[in-house]
Amino acid sequence: MNFLCSLLYIYVTVFALYFVVYAIISALPAKKYRDKYTPKDSNICVVIYASGVVNTLENLLKQLKNQNYPQGNYTIYAILDKCENIPEVTLQGEFNVNVINIDNIEPIGKSQAYSIIAEKLHDVENLDAYVFLDAKNYVDSDFLMNVNFYLTKYQVFNPMIMYLPNQDDVNLWQKVRSVYSRYKYKFIMASRTALGLTNILNSDSFVITKNLLNKISVFDFRNAMSEVEYTYKLTKEGFKVALVSELKVYDSIEEFDLRIPSLSKRLNLFWSNIFKSQNYLSREFLFSLCSPNWLVFLIGLVLPAIYSRNFMASIGYSTTLITIAIFLLVFVVGLFNMKFYPKEYLYLFAYPALSIANLSYNLPICRWVRGLFNKTSHKPVIEKMTTDVIITDGTKDYPAKLELISDDGLARVTFINPNGKKYTTKNNHLRMIDAVRELSTKLNDYNMTLKVCQNCKYFQPLVDGSTNMVKGVCNCQFQGRTPGDIIPILIWNTCPNFEKNNVINLF
């Protein structure tokens, strides 16, 4: 127990030193840029990604078309990735936007959409930088002018995202999350930028120079961990992701996402690369991935103090108390520099308690208890069907099974791997095709492809009004097929002619 407490104390203390430095940096007066004059106006390509049902794209386009920046120095591309309510003609006519409409079987995702633009504009000589925005964002009228100024200082940077609660219907948890996000940006991320360290790139809103993007190659933003890996790729080349707190992008608080990848994946990246030959920037970034959360900080300081008071310990009781006092002082200094309103400090203090409550609410046993109570008042109608499928890693095929489940009209899928291990999709969907899509995305994270018709480039959906089972037709011109015939299929069929859908060929 003595060894464990000592190890935990050292681990927490090392990272507490980070916060001491952050507090010192945040206490220094910030530079004021009264005149953001630049020798030239950069040529900027603004890329907007929209997917699904989007109600904010038109507002964002109006804000971008009315920028205090020369109209001839920026162009706008809108990528409509399986959008359901956006007329392409209106965007091209009224807003003069370059539209790429991806009417694929399923959304290709932000990563591939951005890569399409990067490849399309790779050889354009008079382009200086890209601004990538999600369609859910809002910007000020001087947004591009500020982008142009900070391009003289950084090659890749994130704006500060301000989360705006809907004042008509805002709850306590949303207020707490809004304050916490500002604390994280203004204290931790802004301090790391001032120290010349890197932050994790946020794919929802970032700026990158064209020369750097051509050097680093295409994007890979499948999930939160892929953003970490892309940031690490930048640091190995000597480039850091800065946070520009003076450059703001606004979002609805309903879209708030902590974007914290799992600790196991972060540690795996750390141990896989820390002993390789690298520069200081990448080594520090790998080390920062091991940073404990607030709960581990609390345990790592309080537990050694309690143990050293009652037992003989390697680290004295007075030492632990001094460390706790310094950490509390740093925390207070950091809060003072945030300049929150008094009520906002209360919201920030409420974040740990609400986080634990939210975590407890979503524990498997709590979900099981809630489901048990729901079943007492309602007997669900559950239908299941199991079918054989194939998964592949690109070199070898493996047999597996899919259990298609309809629970009171809501669809989910259970995947059974060759060893009999099961994985069930976490969300309930109105359509079975969406449940299979969620499973396909999960398998893609492990570099595996689910070989079903939905993921095949020859599959064409045939919507017949049903909510669960989405049918389709096969367009594969295999040998012996009668020209013009229609072959009806279901999404879980698998055949030897499967070819993974590649939407880049559409352009």
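Definitions and limits used
Residues numbered from 1 in each chain as written. Predicted model: local features only at pLDDT ≥ 70, side-chain atom pairs only at ≥ 80, totals over all residues. Heavy atoms only, no water. Phe/Tyr/Trp six-rings, centres within 6.5 Å; stacked < 30°, edge-to-face > 60°. Helix = DSSP H or I, 4+ residues; strand = E, 2+ residues; numbered from the N terminus. Lys NZ or Arg CZ within 6 Å of the ring centre and 35° of its normal. Core = buried A, V, L, I, M, F, W, Y, C linked by side-chain atoms within 4.5 Å. Buried < 20%, exposed > 50% of the residue type's maximum accessible area, 1.4 Å probe, protein only. Contact = heavy atoms within 4.5 Å. Pairing = 2+ DSSP bridges. Axes fitted to C-alpha atoms, helices over the stretch in contact; angles between N-to-C directions. Left-handed = near helix turned anticlockwise from the far one by under 90°. Nonpolar A, V, L, I, M, F, W, Y, C, P; charged D, E, K, R; others polar. Salt bridge = Lys/Arg side-chain N within 4 Å of Asp/Glu carboxyl O. Polar contact = N/O pair within 3.5 Å; in protein donor to acceptor, adjacent residues only side chain to side chain.

Draft legend 1. Region of the structure containing the packing of aromatic side chains. Here the structure, examined in full by the defined rule, presents 31 aromatic pairs. Between the aromatic rings of Phe-206 and Phe-221, the centroid separation amounts to 5.9 Å while the plane-to-plane angle is 85°, which identifies the pairing as edge-to-face. Taken together, the residues Phe-206 in strand β7 (residues 205-209) and Phe-221 in the loop between α7 (210-216) and α8 (224-236) connect sequence positions 15 residues apart. Taken together, Tyr-11, Phe-15, Tyr-18, Phe-19, Tyr-22, Tyr-183, Phe-187, Phe-287, Phe-327, Phe-331 and Phe-349 form an aromatic cluster joined through their ring pairs. Here Lys-184 stacks its cationic end above the ring of Tyr-185, 5.8 Å away from the centre of that ring.

Draft legend 2. Geometry of the nonpolar core. Formed by 34 residues in total, the largest nonpolar core has its most connected members in Ile-44, Val-46, Ile-48, Val-131, Phe-143, Val-147 and Phe-157. For this core, the elements supplying multiple residues, two or more each, are β1 (44-51), α2 (57-65), β2 (74-81), β4 (129-134), α5 (143-150) and β8 (242-252). A per-element tally of this core places α5 first, with five residues. For Phe-157, the residues in contact, after removing those within four places along its chain, are Val-147, Tyr-150, Leu-151, Phe-206, Val-207, Val-241, Ala-242, Val-244 and Leu-247.

Draft legend 3. Region of the structure containing the sheet that holds β4. Spatial strand order, β3-β2-β1-β4-β7-β6-β8-β5: eight strands in an open sheet with mixed pairing. Two strands lie at the open edges of the sheet, namely β3 (98-102) and β5 (138-139), each paired on one side alone. Pairing between strand β6 (residues 156-164) and β8: eight bridges, direction parallel. By the bridge assignment, Met-160 is partnered in β8 with Lys-248.

Draft legend 4. View of the packing of helix α1 (residues 2-27) against helix α12 (residues 317-338). Packing of α1 against α12 brings their axes to within 9 Å, and their N-to-C directions diverge by 35°. Where α1 crosses over α12, the two elements pack in a sense that is left-handed. Contact residues: Tyr-9, Thr-13, Ala-16, Phe-19, Val-20, Ala-23, Ser-26 and Ala-27 in α1; Thr-319, Thr-320, Thr-323, Ile-326, Phe-327, Val-330, Val-333 and Asn-337 in α12. A class-by-class count of the residues in the contact of α1 with α12 yields ten nonpolar, six polar and no charged.

Draft legend 5. Up close: the pattern of salt bridges. Considering all chains together, one arrives at ten salt bridges under this definition. A salt bridge links Glu-284 to Arg-192, with the shortest nitrogen-to-oxygen separation between them at 2.9 Å. Taken together, the residues span a long stretch of sequence, with Glu-284 in helix α10 (residues 280-288) and Arg-192 in helix α6 (residues 172-194) at a distance of 92 residues. Exposure remark for Glu-284: the relative accessible area of 6% places this residue in the buried category. In this structure, the salt-bridge partner of Lys-451 is Asp-397, at a minimum N-O distance of 3.2 Å. With Lys-451 in strand β13 (residues 449-451) and Asp-397 in strand β10 (residues 397-407), this pair connects stretches of sequence that are 54 residues apart. Residue Lys-451 is classed as buried on the basis of its relative accessible area of 13%. A single salt-bridge network, built from bridges that share partners, covers Lys-110, Asp-134, Lys-136 and Asp-204.

Draft legend 6. Structural detail: the pairing of β7. For β7, the tally of buried residues reaches five of five residues, placing the bulk of the element in the interior. Going residue by residue along β7, you find Ser-205, Val-207 and Thr-209 tucked away on one face and Phe-206 and Ile-208 tucked away on the opposite face as well. In the sheet, β4 pairs with β7 via five bridges, with the strands oriented antiparallel. Along β7, the bridge assignment pairs Val-131 with Val-207. Summarising the sheet, β6 and β7 pair through two bridges and their orientation is antiparallel. Within the sheet, the bridge partner assigned to Phe-157 lies in β7 and is Val-207.

Draft legend 7. Highlighting α10. Taken together, the buried positions of α10 are Leu-281, Ser-282, Glu-284, Phe-285, Leu-286 and Ser-288. Along its buried surface, α10 packs onto α1, α6, α8 and α9 (263-273).

Draft legend 8. Representation of the environment of Val-207 in the model. If you trace the backbone, Val-207 turns up in strand β7. Once the C-alpha coordinates of Val-207 and Tyr-130 are considered, the two residues, 77 residues apart in sequence, prove to be 5.8 Å apart. When neighbours within four sequence positions are excluded, Val-207 is seen to be in contact with Tyr-130, Val-131, Val-147, Leu-151, Gln-155, Val-156 and Phe-157.

Draft legend 9. Molecular detail of the side chain of Ser-111. As for its placement among the helices and strands, Ser-111 is situated in helix α4 (residues 110-120). Ser-111 sits in the buried class, given a relative accessible area of 13%. Within the structure, the side chain of Ser-111 is placed 3.2 Å from the backbone oxygen of Phe-219, a separation counted as a polar contact.

Draft legend 10. Structural context of the sheet that holds strand β12 (residues 422-424). The strand order β12-β11-β10-β9-β13 describes an open sheet built from five strands, whose pairing is antiparallel. Edge positions in the sheet fall to β12 and β13, since each has one partner strand and no second. Taking the axes of each pair of neighbouring strands and ignoring which way they run, one obtains an average angle of 35° across the sheet. Bridge count for strand β11 (residues 410-416) against β12 is three bridges, and the pairing is antiparallel. Counted as the bridge partner of Ile-416 is Lys-422 from β12.

Draft legend 11. Looking closely at the environment of Leu-151. Assignment of secondary structure puts Leu-151 in the loop between α5 and β6. Judged by relative accessible area, Leu-151 falls into the buried class, the value being 16%. Considering only alpha carbons, one finds Leu-151 and Thr-209, 58 residues apart in sequence, at a separation of 7.7 Å. For Leu-151, the contacting residues outside a window of four places in its chain are Ser-42, Ile-44, Ala-129, Phe-157, Val-207 and Thr-209.

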